[in-house]
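So you can see what is in the structure, the chains are spelled out below.
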Amino acid sequence: MDRLDPHTTHGTTDPMIDGGQGTVAGGAPAGAFDPWRYRDEAGVASADLVGYKVEATDGSIGKIDSASHEVNDSYLVVDTGPWIFGKKVMLPAGTVSHVDHDERKVYVDREKDQIKAAPEYDESSHADPAYRDKLGGYYGENYSALPPDGPARV
């Protein structure tokens, strides 16, 4: 299969639109990570995800306890059960790569160790802007570390 030449334009008359990064309809520039928005291609829409199982790239992490669909403020709270001794974790919506509604599973593009090492979730401060900046920054750094052609990016 032929690879596209990154130095030529494909499907646009102006290669410098949006700084040459391209765009995702309704989302961040292509390749950019927006932690608090579900990706258009994830298949979330406004579905009620509570009770869905959550799968990291290397295995199950628990079930969704609550989910937010607020514009630019969406996230999942996952009850990890015995995996992290009954703790809950908060996953920004941008970590969701896709949803299988038939299987009732949400797939995130992070490994279990990355999720376990994230800033600890605290129900009383999860809406605090400082916590959200820290959490969004953590997952944003991990997103940047993913290889551009890797299987984890969708």
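The preceding data block contains the structure.
Residues numbered from 1 in each chain as written. Predicted model: local features only at pLDDT ≥ 70, side-chain atom pairs only at ≥ 80, totals over all residues. Heavy atoms only, no water.

> Account for the overall build of the protein, naming residues and giving values.
What the protein contains, in helices and strands, is two helices and six strands. In sequence order, the secondary structure elements of the protein are arranged as β-β-β-β-β-β-α-α. Classification of the 154 residues of the protein by burial places 36% in the buried group. If you take every contact in the protein between residues at least 6 apart in sequence, the share linking residues at least 24 apart comes to 54%. Here the protein displays about 9100 Å² of accessible surface, and carbon together with sulfur accounts for 50% of that area. (Helix = DSSP H or I, 4+ residues; strand = E, 2+ residues; numbered from the N terminus. Buried < 20%, exposed > 50% of the residue type's maximum accessible area, 1.4 Å probe, protein only. Contact = heavy atoms within 4.5 Å. Areas by Shrake-Rupley, 256 points an atom, 1.4 Å probe, with all protein chains shown as cover.)

> Go over the packing of aromatic side chains, please, and point to the residues and values.
Following the criterion strictly, the structure yields one aromatic pair and no others. Consider the rings of Tyr-138 and Tyr-139, whose centres lie 5.0 Å apart with planes at 80°: the pair is edge-to-face. Taken individually, Tyr-138 and Tyr-139 each receive the classification buried, so the pair is uniform in this respect. Over the ring of Phe-33 we find Arg-110; its NZ or CZ atom is 5.1 Å from the centre of that ring. (Phe/Tyr/Trp six-rings, centres within 6.5 Å; stacked < 30°, edge-to-face > 60°. Lys NZ or Arg CZ within 6 Å of the ring centre and 35° of its normal.)

> Help me get a handle on the side chain of Ser-68, residues and values and all.
Structurally, Ser-68 can be placed in strand E2 (residues 59-68). For Ser-68, a relative accessible area of 8% gives the class buried. The residues contacting Ser-68, other than those within four sequence positions of it, are Tyr-38, Asp-73, Ser-74 and Tyr-75.

> Could you give me a rundown of the pairing of strand E1 (residues 53-56), with the residues and numbers involved?
Bridging between E1 and E2 involves four bridges; their strand directions are antiparallel. Paired with Glu-55 across the strands is Ser-60, a residue of E2. Following E1, the chain reverses through two residues before pairing antiparallel with E2. In this sheet, strand E6 (residues 105-108) lies alongside E1 in parallel orientation, the contact comprising three bridges. Across the sheet, residue Val-54 finds its bridge partner in E6, namely Val-106. (Pairing = 2+ DSSP bridges.)

> Help me get a handle on the pairing of E2, residues and values and all.
Relative to strand E3 (residues 75-79), E2 runs antiparallel, the two sharing five bridges. Looking across to E3, one finds that Lys-63 is bridged to Asp-79. Between E2 and the antiparallel strand that follows it, E3, lie six residues; Asn-72 among them carries a positive phi value of about 55°.

> So, the sheet that holds E1: which residues are in play, and what are the values?
The six strands lie next to each other as E4-E3-E2-E1-E6-E5, forming an open sheet whose pairing is mixed. Edge positions in the open sheet fall to strand E4 (88-92) and strand E5 (96-100), since each of these has one partner strand only. Neighbouring strand axes in the sheet, compared pairwise and without regard to direction, differ in orientation by 35° on average. In terms of strand pairing, E3 meets E4 through five bridges, oriented antiparallel. Residue pairing in the sheet places Leu-76 in a bridge with Leu-91 of E4. (Axes fitted to C-alpha atoms, helices over the stretch in contact; angles between N-to-C directions.)

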